[in-house]
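Chain and residue survey
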Amino acid sequence: MGEWARSPQQHLAFLEQHLDLGVSTVDHANIYGQPACETLFGQALKLAPALREKIEIVTKCGIELGANSGRVAHYRSDRRYITETLELSLTRLGVDSVDVLLLHRPDLLMNVDEVAEAFLQLKQSGKVQHFGVSNYSASQFALLQSRLGAPLVTNQIEINPLNLTATEDGSLDFMQQLRVKPMAWSCLAGGRIFSEQTEHIRRLRVELENVRDELSADSIDQVLFAWVAALPAKPLPIVGSGNIERVVAAIESFSYTLTHEQWYRIWTASKGHGVA
Ligand SMILES: NC(=O)c1ccc[n+]([C@@H]2O[C@H](COP(=O)([O-])OP(=O)(O)OC[C@H]3O[C@@H](n4cnc5c(N)ncnc54)[C@H](OP(=O)(O)O)[C@@H]3O)[C@@H](O)[C@H]2O)c1
């Protein structure tokens, strides 16, 4: 949103188009956008406050950027930081509460008891309905969960054929074991898959185009979303496009089911070698 140079009215129209398509969850973070995406979103929501009841707002905190302060960017998860940062997000969004608050990155210095206290305080105040994490390993997720009275509702992680980490490091397996649905960010590798000309990406693009033709899909975007959706942990894809036609295409991708062989052909094209 911070890059689209749209008016609040245009942002509102984009939100309403999503609702008409059945997409009601918006993903924010306190650090997104110049100007802040939360502020832009809040300005749009102010034009139609009744929409608050129809949407779910996810936001995140946990990354302290160093910009303009002369300090090095670092992760934070202390109680005061979490509660104060959430207050700022609520003000920017112009809402009384968010549906889900995620810790954006694992803070290697995290005091889990302090995080649990902060979450409890925010829950009791009604300012946050549910909590989750982002970019956490399985063990980091389990550690934080062990101190909480309520279940973490998601782990938001990068999932696309250019980054197979989540399929290999146990984080998806753990979500599946707990029956917690991960949110998938950058299913299209942030758009790199369309533009970059490395050998790796070209090889992958050829295979995505082959599968697109076999499925009679409109675009390789749809193949990528179908590839992510095929994972047994049932990730919930976050669409990063500012183009409503691409959002429609993403939704239509749910009607495509890849065969095992098609899924592994894309995996093989990314790896550069077969399974054996
Ligand atoms: N938790 C985290 O650490 C984390 C990290 C990164 C992102 N996220 C979240 O995940 C969301 C999605 O991530 P993302 O933005 O990286 O998503 P993405 O869906 O992988 O990439 C979106 C980008 O791809 C471009 N694109 C889409 N289809 C295209 C096509 N056919 N040809 C050319 N370009 C195309 C879009 O441009 P157009 O706008 O022109 O369509 C947009 O710039 C973010 O908005 C954010 O909410 C979370």
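Residues numbered from 1 in each chain as written. Predicted model: local features only at pLDDT ≥ 70, side-chain atom pairs only at ≥ 80, totals over all residues. Heavy atoms only, no water.

This part takes up helix α1 (residues 8-20). Because each turn of an α-helix spans 3.6 residues, side chains separated by three or four positions in sequence point in the same direction. Here α1 spans 18 Å end to end across 13 residues, near enough to the 18 Å set by a 1.5 Å rise per residue. The set of residues buried in α1 consists of His 11, Leu 12, Phe 14, Leu 15 and His 18. An end-on view of α1 places all buried positions within 160° of arc, on one side of the element. Looking at the packing, one finds that the buried side of α1 touches α2 (37-46) and α11 (244-252). (Helix = DSSP H or I, 4+ residues; strand = E, 2+ residues; numbered from the N terminus. Expected span 1.5 Å × (residues − 1). Buried < 20%, exposed > 50% of the residue type's maximum accessible area, 1.4 Å probe, protein only. Arc of directions from axis to C-beta. Contact = heavy atoms within 4.5 Å.)

Let us now look at the pairing of strand β6 (residues 128-134). For β6, the tally of buried residues reaches 5 of 7 residues, placing the bulk of the element in the interior. The pairing of strand β5 (residues 98-103) with β6 spans 5 bridges and is parallel. What sits directly across from Val 98, in β6, is Val 128. At this point the chain moves from β5, through helix α4 (residues 112-124), to the parallel β6, and the crossover so formed is right-handed. (Pairing = 2+ DSSP bridges. Right-handed = clockwise from strand over helix to strand, strands pointing away.)

Within soluble globular proteins, side chains that are nonpolar generally end up buried alongside one another. In terms of nonpolar packing, the biggest core is built from 39 residues, with Ile 82, Leu 103, Phe 119 and Leu 144 touching the most fellow members. It is α4 that provides the largest number of residues to this core, a total of 6 residues. Residue contacts for Ile 82: discarding those within four places in its chain leaves Cys 61, Ser 77, Leu 101, Leu 103, Val 115, Ala 118, Phe 119 and Leu 122. In this structure, Cys 187, Leu 188, Phe 225 and Val 228 belong to the second largest nonpolar core, which totals 33 residues. (Core = buried A, V, L, I, M, F, W, Y, C linked by side-chain atoms within 4.5 Å.)

You can see Ser 270 is positioned in helix α12 (residues 260-271). Residues contacting Ser 270, with those up to four places away along its chain left out, are Pro 161, Leu 162, Leu 164, His 200, Arg 203 and Leu 204.

Moving on, we come to the sheet that holds strand β9 (residues 236-237). Reading across from one edge, β1-β2-β5-β6-β7-β8-β9 is the order of the 7 strands in this open sheet, with parallel pairing throughout. Among the strands making up the open sheet, the edge pair consists of β1 (25-27) and β9. Taken together, the 4 bridges between strand β2 (residues 56-61) and β5 define a ladder with parallel strand orientation. In the sheet register, Cys 61 faces β5, and the bridge partner there is Leu 103. Relative to β6, α4 is tilted by about 150°, and along the sheet it contacts β5 and β6. (Axes fitted to C-alpha atoms, helices over the stretch in contact; angles between N-to-C directions.)

Such coordinate-based values are descriptive only and should not be taken to indicate function.
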